[in-house]
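# Report on the structure
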Amino acid sequence: MPHDLQRRHLLRALPLTAAGLLLAAKEGVAQQRPNGSQRVLVAYFTRTGNTEVIARQIRRAQEASLFRIEPATPYPEDYALTVAQARSETQSGYLPPLAQVVADIGRYRTIYLGFPIWGMTVPPVVRSFLRAHDLSGKTVVPFITHGGYGIGNSTEILQSFATGAELAPAFTMEADQERRTLEQVTGWLSRK
Ligand SMILES: Cc1cc2nc3c(=O)[nH]c(=O)nc-3n(C[C@H](O)[C@H](O)[C@H](O)COP(=O)(O)O)c2cc1C
């Protein structure tokens, strides 16, 4: 029966070097398909679930393993605080430590990499994921959701962070934007 990420080792947090990003994280075993070839991994980051819908569909279609990218310290629940934190992390080049890394990344040939656009670019934690795993010789297939403003400089950022990987053209799509939903609900509530 499929099960969520199993955490094998608890390691103490280390400073934020590239090695630290790897060592600070627990090793995670991706959720695996019982009969799959295990050569395809779907790794994704999501806040509100849009990207996860696509990740799970790819997983079903490709008989792939599934890995959720998460920061060791979760982002705030509050939308505005998350936007502010993401902006400051991106501006300073901060790479948040990961909650877990893929323990057996070497077995995968193809990595579908999914994320939402944050501040017109790749979210910091997705950059952490790329830094923490050796993807050289692998094919990285991005799938990206955004709130209507496009994918910004994501292709260039992916090229610079996925060192040695072959980068396939990205699948991109507009999806619900949390900000728009919040504004509409706030407007509705204030009329009551
Ligand atoms: C911190 C933050 C920053 C965002 N920045 C952008 C942006 O610059 N451009 C855009 O089109 N959408 C932006 N969005 C909207 C998300 O990209 C979009 O809603 C995405 O589908 C969310 O995916 P998820 O549900 O998998 O988290 C942002 C959302 C958040 C939370």
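Computed from a prediction, not measured in an experiment: that's the story for all the values here.

## Structural notes on the nonpolar core
- If you look at the biggest cluster of nonpolar residues, it comprises 33 residues, and the most contacted ones within it are L41, I69, L113, F115 and F129.
- Looking at this core, the elements that each hand over two or more residues are β3 (40-44), β5 (100-102), β6 (110-116), α4 (124-132), β7 (139-146) and α5 (154-161).
- The contact partners of I69, leaving out residues within four places of it in the chain, are A43, Y44, F45, L98, L113, V125 and F129.
- In terms of nonpolar packing, the next biggest core, distinct from the first, is built from 12 residues, I54, A64, Y112 and V141 among them.

## Brief notes about the pattern of salt bridges
- Using the criterion set out here, one finds 6 salt bridges in the structure.
- Residue E52 pairs with R56 through a salt bridge whose shortest N-O separation is 3.4 Å. Of this pair, E52 and R56 both sit in helix α2 (residues 50-62), 4 residues apart, which is roughly one turn of that helix.
- We classify E52 as buried; its relative accessible area is 17%.

## Thoughts on the layout of surface pockets
- Approximately 670 Å³ is the volume attributed to the largest pocket.
- Lining the largest pocket are 28 residues, with Y79, I117, W118, G119 and Q177 positioned closest to its centre.
- Contributions of two or more residues to the lining of the largest pocket are made by α2, α3 (79-92), β7 and α6 (178-190).
- Among the elements that make up the lining of the largest pocket, the one with the highest residue count is α3 (6 residues).
- Of the residues that constitute the lining of the largest pocket, the class distribution is 9 nonpolar, 14 polar and 5 charged.

## Things to note about the packing of α4 against α5
- It is the contact of α4 with α5, at a shortest axis distance of 9 Å, that shows an interaxial angle of 25°. When the axes of α4 and α5 are compared, the pair comes out roughly parallel. Taking contact as the criterion, the partners of R127, L130 and R131 in α4 are, on α5, I157, L158 and F161.
- Tallied by class, the residues present in the contact of α4 with α5 amount to 4 nonpolar, no polar and 2 charged.

## Some remarks on the confidence of the model for the protein
- The pLDDT averaged across the protein works out to 87; a share of 82% of its residues lies at or above 70.
- Scored below 50 in pLDDT, residues 1-17 shows 38 contacts in the model against residues more than four places distant or in partner chains.

Cut-offs applied
Residues numbered from 1 in each chain as written. Predicted model: local features only at pLDDT ≥ 70, side-chain atom pairs only at ≥ 80, totals over all residues. Heavy atoms only, no water. Core = buried A, V, L, I, M, F, W, Y, C linked by side-chain atoms within 4.5 Å. Buried < 20%, exposed > 50% of the residue type's maximum accessible area, 1.4 Å probe, protein only. Helix = DSSP H or I, 4+ residues; strand = E, 2+ residues; numbered from the N terminus. Contact = heavy atoms within 4.5 Å. Salt bridge = Lys/Arg side-chain N within 4 Å of Asp/Glu carboxyl O. 1 Å grid on protein atoms, 1.4 Å probe; cavity = no way out; pocket = protein on both sides within 12 Å on 5 of 7 lines; lining within 4 Å. Points joined across faces, edges and corners; volume = space filled by probe spheres on them. Nonpolar A, V, L, I, M, F, W, Y, C, P; charged D, E, K, R; others polar. Axes fitted to C-alpha atoms, helices over the stretch in contact; angles between N-to-C directions. Parallel < 35°, antiparallel > 145°, perpendicular 65-115°, else oblique. pLDDT = per-residue confidence, 0-100.

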